[in-house]
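# Structural overview for review
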Amino acid sequence: MYEGVVQNLIDELGMLPGVGPKSAQRIAFHLLAADPADVKRLAHVLLEVKAKVRFCQVCGNVAAEEQCRICRDARRDPHVICVVEESKDVVAIEKTREFRGRYHVLGGAISPIDGIGPDDLRVRELMTRLADGVVTELILATDPNLEGEATATYLARLVKPMGLKVTRLASGLPVGGDLEYADEVTLGRAFEGRRLLDV
Amino acid sequence: MSLYRDEGIVLRTHKLGEADRIITILTKRTGKVRGVAKGVRRTTSKFGARLEPFTHVDVQFHTGRTLDVITQAETIRPYGESLVADYPRYTAGSAMLETADRLTVAEKEPALRQFLLLVGGLRTLVERGHEARLVLDAYFLRSLAVAGYAPALEACAKCRAPAVRAFAIVEGGVVCGACRPPGAAVPAGETIALMTALMRGDWPTADASESRHRSECSGLVAAYLQWHLEHGIRSLKHVEREQVQGERPSPVTASVGSDTAPHPA
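Every value quoted in this text rests on a predicted model; they were computed, and no experiment measured them. (Residues numbered from 1 in each chain as written. Chains lettered and ligands numbered in written order. Predicted model: local features only at pLDDT ≥ 70, side-chain atom pairs only at ≥ 80, totals over all residues. Heavy atoms only, no water.)

Counting secondary structure elements, chain B contains 7 helices and 7 strands. The C-alpha atoms of chain B give a radius of gyration of 20 Å, which matches the 18 Å a tight globule of 265 residues would have. Projected onto the principal axes, the alpha-carbon positions of chain B cover approximately 60 × 40 × 30 Å. Residue burial in chain B is summarised as follows: out of 265 residues, 55% are buried. Sequence separation of 24 or more characterises 58% of the internal contacts of chain B that already satisfy a separation of 6 or more. (Helix = DSSP H or I, 4+ residues; strand = E, 2+ residues; numbered from the N terminus. Rg over C-alpha atoms; globule rule 2.2 N^0.38 Å. Buried < 20%, exposed > 50% of the residue type's maximum accessible area, 1.4 Å probe, protein only. Contact = heavy atoms within 4.5 Å.)

Set out below in structure tokens:
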């Protein structure tokens, strides 16, 4: 146990995800040894992010204003919505530069065993967005794991009566990998989603 | 025992650190095991897809200090693949996994009958021969029986008198008029017959039952299960009944009679 405030800092840092007691201690001593201006800047950013950042009223992505940068951008295609689980997924898809539509962040995936059902996600908000008839395609980009697949199945069933084009991200072999090392589920999906080579 | 191999059903997964997961598996010989699977959240993981819930896997563990480490996994049957394509069956399957997890409290204590029951339940669920709720209720009743909580369905749970009148969860099943505690549910005779059929695996009788008796049976079984487990089953409120023509999907709740409050812990 350290003296008052140092121990408090270690305890607070230890509450962060993935930071154990040893890491918390290391970070705390790094901060103690750091330049006061650097520490002040870090403290300021922490307070600022909590005060300013909110969730986009339209898509649920993290935003600095009422609407996020993507929802405010008039050049983005309003006819296509890509549904993702978390804001982190928006960043991952944006890095590909392949998608020019808009997003909808659900805030998680359906997981009955963890007590998370459709009502705990931003499904109602998605249905409201689809109701005006502007959107023609819904891309379901939830994680390719069991919860993500179940969420995609649920959403596809829900929007089916609306007559939208509903697509799911392809699953299959990672680029740069060897076929022999792929597991049978992934390889099976790759076979299911094979495409015609237009040479 | 530094390395050991077993087969099992993946019950649930928890994220651990950057890219690892803690996998809870109900194994055939060892019982419930919690193991660390390293790097499985990375898209390049060689066995991430094999360690998803519902998967029947052949798995190799390395004994660790607190948690064992999963070093290899091979799929025996991926039940999850067909379950996620059918939402009501996925929710029913989730309730099965959660119940199996709750009923096998101690880790590494062999629970062969619970394992075989879960494999059988999942297989029946993916074969789509019976309504998902019926399969789930049959699983609940039989897993409770294996755990020593079989409900009395043919004679009064208290005095063994043959004339039964009500279903009292606190007493452990059907009760006669004299033994009936206040607030006990009074289900239809057909509902008790359905519960008996599910318990025995008499599928022709169960499949021929009416929708209202199935709903009543589900409510009673869910309440009975949660009372004995001393906790609510979180998946239960998300379990959806398969849609009968013209019927809206509805979650199943434990709300039959006033005798359905969870066990006072």
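On to the UniProt feature "zinc finger region: C4-type" (unreviewed entry) in chain A, then. According to UniProt, the "zinc finger region: C4-type" (unreviewed entry) feature falls on residues 56-71 of chain A. Secondary structure across residues 56-71 of chain A divides into 19% helix and 12% strand, with the first and last C-alpha atoms of the span separated by 8 Å. (UniProt positions renumbered as here; feature names shortened; annotations may be inferred.)

All names here are of chain B. Once the domains are mapped, chain B shows domain 1 (3-78) and domain 2 (86-260). For domain 1 and domain 2, the distance between their C-alpha centres works out to 29 Å. Every contact between the two is made by 22 residues of domain 1 and, on the other side, 23 residues of domain 2. The contact between domain 1 and domain 2 buries some 1,800 Å² in all, and 65% of this surface belongs to carbon and sulfur atoms. Area buried by domain 1 at its contact with domain 2 is led by L26, K32 and F54, which between them contribute 38% of it. The interface formed by domain 1 and domain 2 holds 4 salt bridges in total. A salt bridge links K108 to D68, with the shortest nitrogen-to-oxygen separation between them at 2.6 Å. For the interface between domain 1 and domain 2, the tally reads 6 residue pairs in polar contact (both at pLDDT 80 or more). For the side of domain 1 that touches domain 2, the elements supplying multiple residues, two or more each, are β1 (3-16), β2 (20-27), β3 (32-37) and β5 (68-78). The element best represented in the side of domain 1 that touches domain 2 is β1, accounting for 7 residues. (Domains from an automatic or database assignment. Buried area = accessible area lost by both parts, 1.4 Å probe. Salt bridge = Lys/Arg side-chain N within 4 Å of Asp/Glu carboxyl O. Polar contact = N/O pair within 3.5 Å; in protein donor to acceptor, adjacent residues only side chain to side chain.)

Fine structural detail should not be taken from predicted coordinates in areas where pLDDT scores are low. Residues and elements named next belong to chain B. Per-residue confidence for chain B gives a mean pLDDT of 87; residues scoring 70 or more make up 90%. The secondary-structure element of chain B with the lowest mean pLDDT is helix α1 (residues 79-83), recorded at 90, while helix α3 (residues 112-127) shows the highest, at 96. In this model, residues 253-265 is a region of pLDDT below 50 whose contacts with residues beyond four sequence positions or in other chains number 27 contacts. For this predicted complex, the interface confidence comes out at an ipTM of 0.80, alongside a pTM of 0.84. (pLDDT = per-residue confidence, 0-100.)

In this section: helix α5 (residues 189-200) of chain B. Residues and elements named next belong to chain B. Under the 1.5 Å per step criterion, the end-to-end length of α5 is 17 Å for 12 residues, consistent within 8% with the ideal 16 Å. Buried within α5 are the following residues: T191, I192, L194, M195, T196, A197 and L198. Contacts made by the buried residues of α5 are with α4 (132-146), β6 (166-168), β7 (173-175), α6 (203-207) and α7 (211-229). Phi for G201, located one or two positions after α5, is positive at around 80°. (Expected span 1.5 Å × (residues − 1).)

Glancing now at the domain arrangement of chain A. Accessible area lost upon the coming together of the parts is a frequently used measure of interface size. Looking at chain A, the domain boundaries give domain 1 (4-52) and domain 2 (68-196). A straight line from the C-alpha centre of domain 1 of chain A to that of domain 2 of chain A covers 36 Å.

We now examine the nonpolar core. Counting 73 residues, the largest nonpolar core has L118(B), L122(B), F167(B), M195(B) and L198(B) as its most contacted members. When sequence neighbours within four positions are dropped, the list of residues in contact with M195(B) reads L141(B), L153(B), F167(B), C217(B), L220(B) and V221(B). C71(A), V90(A), Y103(A) and V105(A) belong to the second largest nonpolar core, which has 16 residues in total. (Core = buried A, V, L, I, M, F, W, Y, C linked by side-chain atoms within 4.5 Å.)

This part is about the interface of chain A and chain B. With 26 residues of chain A at the contact, the number on the chain B side is 31 residues. Buried surface at the junction of chain A and chain B, summed over both partners, amounts to about 2,300 Å²; 56% is from carbon and sulfur atoms. For chain A, the biggest contributors to the area lost against chain B are P112(A), I113(A) and L146(A); these three give 32% of the whole. Applying the counting rule to chain A against chain B returns 2 salt bridges. For R12(B), the salt bridge identified is with D114(A), shortest N-O distance 2.7 Å. At the boundary of chain A and chain B, one finds 7 residue pairs in polar contact (both at pLDDT 80 or more). Going through the elements one at a time, α7 (146-159) and α8 (184-192) of chain A are the ones with two or more residues in the side of chain A that touches chain B. Considering each element in turn, the side of chain A that touches chain B owes the most residues, 7 residues, to α7(A). Tallied by class, the residues present in the side of chain A that touches chain B amount to 12 nonpolar, 6 polar and 8 charged. (Nonpolar A, V, L, I, M, F, W, Y, C, P; charged D, E, K, R; others polar.)

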